[in-house]
Amino acid sequence: MQPSFYVVVILFEVHLPYSQSLKQKRMALRGIKDKLSRRHNVAVAEVGHQDSWQRAQMACTSVSTDRKLLERLKSQLENTILENFDGELIYCDMEWL
């Protein structure tokens, strides 16, 4: 039986070379998290490297009945990060739940 909905978690790790404090890092992350959430209707949270000034791991999650829509979401989120974030995208990974 095919599921009636799909859940995806997309993990991003970023490097913030210009951040000199946790406050600067959180300000930079707040901007990109808000942009990702508004543009792509995803939930976003910082899930790793909370005590590091220049690294962060974020998780975005979404639920849909359309699996192909969620598969395209990964590249759309990556593009938004690359175009709007003053940092470096280290990696991106996608997990289905």
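Heads up: the structure comes first, above all this text.
Just so you know, these numbers come straight off a predicted model, no measurement behind them.

Parameters at a glance
- Residues numbered from 1 in each chain as written.
- Predicted model: local features only at pLDDT ≥ 70, side-chain atom pairs only at ≥ 80, totals over all residues.
- Heavy atoms only, no water.
- Helix = DSSP H or I, 4+ residues; strand = E, 2+ residues; numbered from the N terminus.
- Rg over C-alpha atoms; globule rule 2.2 N^0.38 Å.
- Salt bridge = Lys/Arg side-chain N within 4 Å of Asp/Glu carboxyl O.
- Buried < 20%, exposed > 50% of the residue type's maximum accessible area, 1.4 Å probe, protein only.
- Pairing = 2+ DSSP bridges.
- Axes fitted to C-alpha atoms, helices over the stretch in contact; angles between N-to-C directions.

In this structure, what is going on with the overall build of the chain? I would like to understand it.
Of regular secondary structure, the chain possesses two helices and four strands. In the chain, the succession of helices and strands from N to C terminus is β-α-β-β-α-β. For the chain, the C-alpha radius of gyration of 14 Å lies close to 13 Å, the compact-globule estimate for 97 residues. Expressed along its principal axes, the backbone C-alpha trace of the chain runs to roughly 50 × 25 × 20 Å.

Can you help me understand the pattern of salt bridges in this one?
A side chain of one charge can pair with a side chain of the opposite charge if their charged atoms are brought near each other. The full count for this structure, using the stated rule, is four salt bridges. We note a salt bridge from E46 to K25, for which the minimum N-O separation is 3.0 Å. Within this pair, whereas E46 is found in strand 2 (residues 43-48), its partner K25 is found in helix 1 (residues 22-40), the two being separated by 21 residues in sequence. Given the relative accessible area of 0%, K25 is considered buried. The partner of R67 in a salt bridge is E71, with the nearest N and O atoms 3.1 Å apart. Highlighted residues: R67 and E71, both in helix 2 (residues 67-84), separated by four residues, approximately one helical turn. R67 sits in the partly exposed class, given a relative accessible area of 34%. Each of K25, R26 and E46 takes part in a single network of salt bridges with overlapping partners.

Help me out: how do you make sense of the sheet that holds strand 1 (residues 6-15) in this one?
Paired through backbone hydrogen bonds, the strands of a sheet run either parallel or antiparallel to each other. One open sheet accounts for four strands, arranged 2-3-1-4; its pairing is antiparallel. Sheet topology places strand 2 and strand 4 (88-96) at the edges, where each strand pairs with a single neighbour. Neighbouring strand axes in the sheet, compared pairwise and without regard to direction, differ in orientation by 25 degrees on average. The pairing of strand 1 with strand 4 spans eight bridges and is classified as antiparallel. The partner of L11 across the bridge, within strand 4, is D93.

So, to be careful, I would describe these as geometric facts and stop short of saying anything about function.
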